[in-house]
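Residue-level structure breakdown
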Amino acid sequence: MRTIVCVKQVLDPLTPATSLELDRDAVKIGSGAGSPPVINGFDEQALEAALLLRESLGELEIVALSAGDRFNQQVMKRALEVGADELVLVQDPSLDTWDPRPAADALAAAIRHLGGADLVLCGRQASDWDNALVPFLLAEALGLPCLTLARRVAVAGDEVEVERVLADGTQIMRASLPALVTVTSELGPLRFPTVPARLAAARRQPRLLGLAELDLAERGAPPLEVRALAVPVTGRACTFVEAADGAAAGARLAEVLLEAGAVRAGAG
């Protein structure tokens with residue numbers, strides 16, 4: 001049985017806003033050299049779901065698959081460090097985009113190129129754009145049933161079963177294989193790799209694929225585009241109210257609040 005886990009390289013969500021680099025001309029956000037990228041947290045949990053499945057089934061091939069522009073291989077090799085059998089990277093400058101469609105198309109074409117999968121696992125969403133659309137587009141492109149927000153994934157025979165957390169309890173969902181499942185943070189964090197596993201992964205190389213190999217070289221313009229990006233500007237202002245006594249201070253405070261539009265004068 002083969003499981004393909006889709007993983008995405010993203011900016012570290014813990015990067016301070018002051019370290020972000022905004023390129024207004026290219027309409028992109030980056031980070032300095034002191035803040036390397038990471039694997040998207042939800043995708044790490046999808047990878048953990050695959051590892052737990054292998055422990056329960058006894059035999060399971062795990063392929064980590066990613067699509068993007070440029071990869072930090074040390075970051076992406078974390079999938080190999082924790083136990084993935086293979087790391088496949090689809091690399092092309094056109095994949096450096098907020099638009100989920102190119103990524104979904106590239107992942108779908110890569111999965112077909114690799115010979116398909118019995119189970120595709122994805123994180124529920126990515127921490128950069130929070131679109132949460134790639135898994136649905138990927139499932140549609142591959143013609144797979146899509147089970148979402150799984151905190152537990154199990155396989156029995158030709159079916160996959162997931163447990164989802166609801167506001168008032170849990171829900172069990174099942175689908176015939178092959179299928180696609182999105183994993184949420186309630187499954188738990190990705191395990192830490194052992195030192196021998198890290199050393200072994202450092203000597204291994206990912207498999208690189210280009211869009212031409214996947215028959216995706218000809219691409220039209222995206223249906224939507226980002227026209228501008230800006231870092232939110234926040235600030236605080238403090239006004240000290242001074243008066244001879246409490247009653248005067250209260251009256252003056254009311255005037256300040258009215259002038260600022262924080263309160264409305266009463267109809268009476």
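Structure: above.
Our subject in this report is the structure included herewith.

Conventions and cut-offs
- Residues numbered from 1 in each chain as written.
- Predicted model: local features only at pLDDT ≥ 70, side-chain atom pairs only at ≥ 80, totals over all residues.
- Heavy atoms only, no water.
- Helix = DSSP H or I, 4+ residues; strand = E, 2+ residues; numbered from the N terminus.
- Buried < 20%, exposed > 50% of the residue type's maximum accessible area, 1.4 Å probe, protein only.
- Contact = heavy atoms within 4.5 Å.
- Lys, Arg positive; Asp, Glu negative; His and termini not counted.
- Charge placed at Lys NZ, Arg CZ, Asp CG, Glu CD.
- Salt bridge = Lys/Arg side-chain N within 4 Å of Asp/Glu carboxyl O.
- Core = buried A, V, L, I, M, F, W, Y, C linked by side-chain atoms within 4.5 Å.
- Pairing = 2+ DSSP bridges.

**A word on the overall build of the protein chain**
If you tally the helices and strands in the protein chain, you get 7 helices and 13 strands. Principal axes of the C-alpha set define a box for the protein chain whose edges measure 80 × 45 × 45 Å. Looking at the protein chain as a whole, 37% of its 268 residues qualify as buried. Taking as baseline every contact in the protein chain between residues at least 6 positions apart, the subset at least 24 positions apart corresponds to 71%. Mean positive and mean negative side-chain charge positions of the protein chain (25 and 36 charges, respectively) differ by 2 Å.

**Side note on the pattern of salt bridges**
Tallying each qualifying case throughout the model produces 15 salt bridges. Across the pair arginine 54 and aspartate 85 runs a salt bridge whose closest N-O atoms are separated by 3.2 Å. Here aspartate 85 lies in the loop between α3 (78-82) and β7 (86-91) and arginine 54 lies in helix α1 (residues 41-57), a separation of 31 residues in the sequence. According to the relative accessible area criterion, arginine 54 is partly exposed, its value standing at 21%.

**Digging into the nonpolar core**
Soluble globular proteins: nonpolar side chains tend toward being buried together. Membership of the largest hydrophobic core comes to 36 residues, with the highest contact counts inside it found for Leu121, Val153, Val160 and Val181. Per element, the largest residue contribution to this core is 6 residues, and it comes from α1. Beyond its immediate stretch of four places on either side in the chain, valine 181 contacts Leu119, Val120, Leu121, Cys122, Leu147, Ala150, Val153, Val160 and Val162. Ile4, Ala109, Leu114 and Cys122 belong to the second largest nonpolar core, which has 26 residues in total.

**As for helix α5 (residues 134-142)**
Looking only at α5, the buried set comprises Pro135, Leu137, Leu138 and Ala139. Contact partners of the buried residues in α5: β1 (2-6), α4 (100-113), β8 (119-123), β9 (146-156) and β12 (179-183). Positive phi shows up at glycine 143, right after α5, with a value of about 70°.

**A word on the pairing of strand β3 (residues 20-23)**
In regular strands, side chains alternate between the two faces of the sheet. Pairing of β3 with strand β4 (residues 28-31) involves 4 bridges; the strand directions are antiparallel. Bridged to glutamate 21 within β4 is glycine 30. Linkage of β3 to β4, two consecutive antiparallel strands, is achieved through a turn of 4 residues, within which valine 27 is found at a positive phi near 55°.

Shape is all these values report; function is a separate question.
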